[in-house]
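Architecture and fold: a report
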Amino acid sequence: MSATECIALIRGINVGRGNRLAMADLRGLLADLGLQNVRTLLNSGNVVFQCALPNVRKLSAAIAAAIEGHSGFSASVMVMTAKDLAAIVEENPLLPVAKDPARHLVAFVSDAKHLAALRPLLEKTWKPDALAVTQRAAYLWCCTGILESKLNKAFARLGGSTVTARNWATVLKLHTAAQATAKP
């Protein structure tokens, strides 16, 4: 049986001085869970791995428990398959306006029901920023920068811990890493 390529996005590790976790330790934790070909991307909780018959909810819980058991802090973990990530990349409705990948965010959720809480933001005009919410993810364009964006601040308040975001450059790197291994 062939393994399925998966991506884990871990929220809130290695940000500032808190919740530090070495990527070598993180790779070891996932390997100890029986996951194969574990690779990390950057130093902020992006992991690509292979798993036979993945159950993304169970994997998310198992990885979160392993992190807490090893590090003593809790971290939210969201796992998706490479196929799901490919669909999120493909359906990005903000590509015509988002010109700087560092200012373009994709917000991932572990359950699509969490996106409903974000939909009220669509009722407001955020220009020059932009927001789109699809069935799988939310997309933000922060024209003048992420830290200065009123949209991003409102989004963070409303989304809270139910979402984890990555900039478009990171999303594309994860997509490429997952696709490269998934090909025969």
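Computed from a predicted structure; not experimentally measured.

1. Structural notes on the pattern of salt bridges
Any two side chains of opposite charge can pair, on the condition that their charged atoms come close. Enumeration according to the criterion identifies five salt bridges in this entry. Between Arg57 and Asp111 there is a salt bridge; the shortest N-O distance is 3.2 Å. Of this pair, Arg57 sits in helix H2 (residues 56–71) while Asp111 is found in the loop between strand E5 (104–109) and helix H4 (113–116), placing the two residues 54 residues apart along the sequence. The partner of Glu91 in a salt bridge is Arg136, and the shortest N-O contact between them spans 3.8 Å. Taken as a pair, Glu91 in the loop between helix H3 (82–90) and E5 and Arg136 in the loop between strand E6 (130–133) and strand E7 (137–141) lie far apart in primary sequence, 45 residues in all.

2. Structural notes on the pairing of E6
Of the two faces of E6, the one lined by Ala130 and Ala132 and the one lined by Leu131 and Val133 are each fully buried. One ladder, built from four bridges, connects E6 with E7; its direction is antiparallel. Residue Leu131 lies in a different strand from E7, and its bridge partner there is Leu140. Between E6 and the antiparallel strand that follows it, E7, lie three residues.

3. Overview of the layout of surface pockets
By volume, the largest pocket amounts to about 400 Å³. Every residue lining the largest pocket is counted, 18 residues in all, and those nearest its centre are Arg11, Gly12, Thr164, Ala165 and Arg166. Only strand E1 (4–11), helix H5 (150–159) and strand E8 (163–167) provide two or more residues apiece to the lining of the largest pocket. The leading source of residues in the lining of the largest pocket is E8, at five residues. Of the residues contributing to the lining of the largest pocket, the split by class is nine nonpolar, seven polar and two charged. Space inside the second largest pocket adds up to approximately 320 Å³. Considering the residues around the second largest pocket, the lining is formed by 15 residues, among which Met78, Val79, Asp84, Val109 and Ser110 are closest to the centre. Secondary-structure elements contributing two or more residues to the lining of the second largest pocket are H2, strand E4 (76–81), H3 and E5.

Rules and cut-offs
- Residues numbered from 1 in each chain as written.
- Predicted model: local features only at pLDDT ≥ 70, side-chain atom pairs only at ≥ 80, totals over all residues.
- Heavy atoms only, no water.
- Salt bridge = Lys/Arg side-chain N within 4 Å of Asp/Glu carboxyl O.
- Helix = DSSP H or I, 4+ residues; strand = E, 2+ residues; numbered from the N terminus.
- Buried < 20%, exposed > 50% of the residue type's maximum accessible area, 1.4 Å probe, protein only.
- Pairing = 2+ DSSP bridges.
- 1 Å grid on protein atoms, 1.4 Å probe; cavity = no way out; pocket = protein on both sides within 12 Å on 5 of 7 lines; lining within 4 Å.
- Points joined across faces, edges and corners; volume = space filled by probe spheres on them.
- Nonpolar A, V, L, I, M, F, W, Y, C, P; charged D, E, K, R; others polar.

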